Amino acid sequence: MVHIKFTPIFFILVALLLQECTSRSTSSTSNKLLLISFDGFRWNYLDRTNTPNFDRIRKNGVQAVHGLRNAFITKTFPNHFTLVTGQWEESHGIVANSMYDPALNRSFSPHDEKANTEAVWFDQGGEPIWVTNQLQKKDGKSGVIMWVGAGAPVESVYPTKFIKFDHDFKNESKIDTMVKWFKEDGCNLGLMYFDQPDRFGHAFGPESEQVTRMIGGLDKVIGYLLDQFEKADLLHETNIIITSDHGFTSTPKEKIIYLDTFIDPETFQLESSTPVAGIWPHEGYHDAIYQNLSSATETVGHFSVYKKDDIPAHFHYTDNRRIPPIIAVADNHYSFSRHFEPGHMKGNHGYDNRLQDMHPFFIAMGPAFKSGFTVDMFQSVDVYPLMCHILGLVPAPNNGSMDVVRTLLVETETIHGNSVLLFFRKYHFGTIFVACLIFVGLITAILITIHEMRKRRKERSNMQVIMDDVEITTTDEGPANDPPTSDTSNIPLLQDQDF
Ligand SMILES: [Zn+2]
């Protein structure tokens, strides 16, 4: 009886909650998102030369003035995958540019075209933003140009549009392609990779005139992008994030540490070499290699050595089978080599991610972002939840946080017009569900009490009428013992309460 009258409200609430809980679907938004990476663009490169187009983005958008604290090791492949998954390297499994997987008994090289298309390397727990976009949005389409991992299926999903790494593909062609994907092919998400100024940073050193000129050249690329997006009427509705995988440091020849001075090259396999040496000792040599390197950190210095289980927790670089049993980490500006290895690079990256030199820049502009706003620094792992927020997606499990990046955004609750979803994403679905059940239960109890009180009042008033009648008629047997004639159980409980 009473319950039946609450059932529709109860079920509507439960249905709404279940829809939110199970579908991970979200309202569509007109906001588009473009993520651009310039490989090896250090946090302070914009101060090197005239950059009117980057400055236009800074002025009308946001900037992390000290860049991003990226993931250790501060190399290209791992950090590009961190940017799009929000996970540390131990979680997404791309732990170096070159790595060995003992379970697969295979090595990965960034130049191996086949390995770059294989789920076994990339589908290890991280969900790239293009996968989140396409799984959650009915009309979600992603266009990806040369981003690490986009050639391989993750959760059986490939980007809607994809161009694999091609050194000869012109910068302008990348931009023209992206405009077409957004304008004609219905993409709401785009990712673009540029391999400079990393190549010049290695070849000439990060402080070189060549790198300075390259920064000016990349500014013109951004100028072309802004022009084309404006012409296509895309600029006002596109959020553009421009960032990088890592910074750079100079690596002078005098600061080379020759590993074969301390350990016999025949006793181990070296996967990545410098500035983090990934050492896979041959059987029986583990302890000797560690001891010799450990002694060398004291006699020669300028590097640290760790057994895998002793790698400091702040590196988030332990819990993955692809992380080598021993790693040696060079101090800033120092390089590892072996006497028989040819060549030397004038600049490098890969060092401790707490070093300011290793941090990449971050600027962004668009309808979701504040104008002329800066924060000091945040983490590369925060970029994925930020992108999910802008696109109205529920992030897959990640190591990032919205704490700092939220401040970059204009009134976040109005971006999608879907404050319910934002509320549910912020708090745990299960907690909300239980809270709603308690709320419905409380309301039910209150209404039942009100109903019972009214019923009793009515009975009392009927009784009073009867008593009055008794007094008037003074009959011995009368209606005093009869039940009240009106049946209050049929009074609709919600008649004067609009829920
Ligand atoms: Zn590089």
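Nothing here was measured: the structure is a model prediction, and the numbers come from that model.

Undergrad: Would you explain the overall build of the protein in this entry?
TA: When helices and strands are tallied, the protein shows 13 helices and 20 strands. With 499 residues in all, the protein has 41% of them scored as buried.

Undergrad: Can you walk me through the confidence of the model for the protein in this structure?
TA: It should be kept in mind that the predicted coordinates are not to be read in detail where pLDDT is low. Chain-level statistics for the protein give a pLDDT mean of 86 and a share of 81% at 70 or above. Taken as a whole, residues 413–428 scores under 50 in pLDDT and shows 22 contacts with residues more than four places along the chain or in a different chain. Note on residues 470–499: pLDDT is under 50 here. Beyond four places in sequence and across chains, it has 22 contacts.

Undergrad: I tried to follow the sheet that holds strand S19 (residues 373–375) on my own but got confused; where do I start?
TA: Note: strands within a sheet are paired through backbone hydrogen bonds, in either parallel or antiparallel orientation. Pairing in this open sheet of 8 strands is mixed, and the strands run S7-S6-S8-S1-S9-S18-S2-S19 from one edge to the other. At either margin of the open sheet sits one strand with a lone partner, and together these are strand S7 (161–163) and S19. The average angle at which neighbouring strand axes cross in this sheet is 10°, direction not considered. Where strand S6 (residues 142–145) meets S7, 3 bridges bridge the pair, whose relative direction is parallel. Residue Gly143 lies in a different strand from S7, and its bridge partner there is Lys161.

Undergrad: Any chance you could explain the packing of helix H7 (residues 171–183) against helix H9 (residues 209–231) here in plain terms?
TA: Angle between the axes and distance between the axes: these two values describe a pair of packed helices. Look at H7 against H9: their axes get within 10 Å of each other, and the N-to-C directions meet at 25°. Comparing the axis directions of H7 and H9 gives the class roughly parallel. Like other packed secondary-structure pairs, H7 and H9 cross with a definite hand, here right-handed. Together, Asn171, Glu172, Ile175, Asp176 and Val179 of H7 and Val221, Tyr224, Leu225, Gln228 and Phe229 of H9 make up the contact between the two elements. Grouping the amino acids of the contact of H7 with H9 by side-chain chemistry returns 6 nonpolar, 2 polar and 2 charged.

Undergrad: Before we go on, may I ask you to explain the pairing of strand S18 (residues 362–365) in this structure?
TA: Burial along S18 is two-sided: Phe362 and Ala364 and Ile363 and Met365, pointing in opposite directions, are all buried. By the bridge criterion, 4 bridges tie strand S9 (residues 238–243) to S18 in an arrangement that is antiparallel. Bridging from a neighbouring strand, Ile241 pairs with Ala364 of S18.

Undergrad: I keep staring at the packing of helix H2 (residues 52–60) against H9 and nothing clicks. Help me out?
TA: Direction vectors running N to C along H2 and H9 enclose 60°, while the axes themselves pass 7 Å from each other. In terms of axis orientation, H2 runs oblique to H9. For the pair H2 and H9, the contacting residues are Pro52, Asn53, Phe54 and Arg56 in the first and Asp219, Ile222, Gly223 and Leu226 in the second. The residue makeup of the contact of H2 with H9, split by class, is 4 nonpolar, 2 polar and 2 charged.

Undergrad: Hey, could you run me through the environment of Phe303 in this one?
TA: One can find Phe303 in strand S14 (residues 303–307). In this structure, the C-alpha to C-alpha distance between Phe303 and Ala330, residues 27 residues apart in sequence, is 4.2 Å. If we ignore the near neighbours within four places in the chain, the residues touching Phe303 are Ile257, Thr297, Ala328, Val329, Ala330, Asp331 and Tyr334.

Undergrad: I would appreciate a short explanation of the nonpolar core in the present structure.
TA: Across soluble globular proteins, nonpolar side chains have a tendency to be buried as a group. Counting 108 residues, the largest nonpolar core has Ile327, Ala328, Ala364 and Met387 as its most contacted members. Excluding residues that lie within four positions of it along the chain, Ala328 makes contacts with Ala277, Ile279, Leu293, Phe303, Val305 and Phe336.

Undergrad: Explain the sheet that holds strand S12 (residues 268–270) here, please?
TA: Sheet architecture is open: 4 strands sit in the order S12-S13-S15-S14, paired in antiparallel fashion. Two strands close off the open sheet at either side, each with one partner strand: S12 and S14. The mean angle between the axes of side-by-side strands here comes to 25°, regardless of whether they run parallel or antiparallel. As defined by bridge partners, S12 adjoins strand S13 (residues 276–281) across 3 bridges and the pair is classed as antiparallel. Looking at S13, one finds that Leu270 is bridged to Ile279. Helix H10 (residues 286–299) contacts S12, S13, S14 and strand S15 (326–330) of the sheet and is inclined by roughly 155° relative to S14.

Undergrad: Help me out: how do you make sense of unusual backbone geometry in this one?
TA: Across residues other than glycine, the phi torsion is negative in most instances, and most of the peptide bonds are trans. Of the consecutive residues Phe72 and Ile73, the connecting peptide bond is found in the cis state with omega at 5°. Here Ile73 is to be found in the loop between strand S3 (68–69) and helix H3 (76–85). Positioned with a positive phi, Asn105 is a non-glycine residue whose angle comes to about 50°. Its location among the elements puts Asn105 in the loop between strand S4 (99–101) and strand S5 (106–108). Phi at His316 is positive, roughly 50°, even though this residue is not glycine. Relative to the elements of secondary structure, His316 occurs in the loop between S14 and S15.

Undergrad: Help me understand the environment of Val144, please; the structure alone is not making it clear to me.
TA: Mapped onto the fold, Val144 is located in strand S6. Placed 49 residues apart in sequence, Val144 and Tyr193 show a C-alpha to C-alpha distance of 8.6 Å. Dropping the residues within four chain positions of it, Val144 is found in contact with Trp130, Ala150, Pro159, Lys161, Phe162 and Leu191.

Undergrad: What's the story with the pairing of S15 in this structure? I'm lost.
TA: Looking down a regular strand, the side chains alternate between one sheet face and the other. Counting buried positions over the 5 residues of S15 gives 5, a clear majority of the element. Of the two faces of S15, the one lined by Ile326, Ala328 and Ala330 and the one lined by Ile327 and Val329 are each fully buried. As defined by bridge partners, S13 adjoins S15 across 4 bridges and the pair is classed as antiparallel. Following the sheet pairing, Gly278 is matched in S15 by Ile327.

Undergrad: Help me out: how do you make sense of the environment of Tyr334 in this one?
TA: The residue Tyr334 is located in the loop between S15 and strand S16 (335–337) in this model. Assessed through the 21 C-beta atoms surrounding it within 10 Å, Tyr334 is described here as buried. Through-space distance from the C-alpha of Tyr334 to that of Thr274 is 8.9 Å; in sequence the pair is 60 residues apart. Discounting residues that sit within four places of it in the chain, Tyr334 has contacts with Lys255, Ile257, Pro275, His302 and Phe303.

Conventions we followed
- Residue numbering note: each chain is counted from 1, following its sequence as written.
- Residues qualify for local features only when their pLDDT is at least 70, as the model is predicted, and side-chain atom pairs are given and counted only at 80 or more; totals for whole chains, interfaces and linings, by contrast, use all residues.
- Put simply, DSSP marks the helices as runs of H or I at least four residues long and the strands as runs of E at least two long, and each gets a number from the N terminus on.
- Exposure classes come from backbone-placed C-beta atoms, where a residue is buried if 20 or more other C-beta atoms lie within 10 Å of its own, exposed if 12 or fewer do, and partly exposed in between.
- A residue's pLDDT is simply how confident the predictor is in it, with values from 0 to 100.
- A residue pair is marked as a contact if its C-beta atoms, positioned from the backbone, fall within 7 Å.
- Each pair of strands is called paired provided DSSP finds at least two bridges between the two strands.
- Inter-axis angles, ranging from 0 to 180 degrees, are taken between N-to-C directions of lines fitted to C-alpha atoms, where helices are fitted over the stretch in contact.
- Comment on the angle field: the value is read as roughly parallel under 35 degrees, roughly antiparallel over 145, roughly perpendicular from 65 to 115, and oblique elsewhere.
- Rotating anticlockwise by less than a right angle from the far helix to the near helix defines a left-handed crossing, while the corresponding clockwise rotation defines a right-handed one.
- Gly counts as polar in this scheme, as do all residues outside two lists: the nonpolar Ala, Val, Leu, Ile, Met, Phe, Trp, Tyr, Cys and Pro, and the charged Asp, Glu, Lys and Arg.
- Note on definitions: a nonpolar core is a set of buried residues drawn from Ala, Val, Leu, Ile, Met, Phe, Trp, Tyr and Cys, linked by C-beta atoms within 7 Å.

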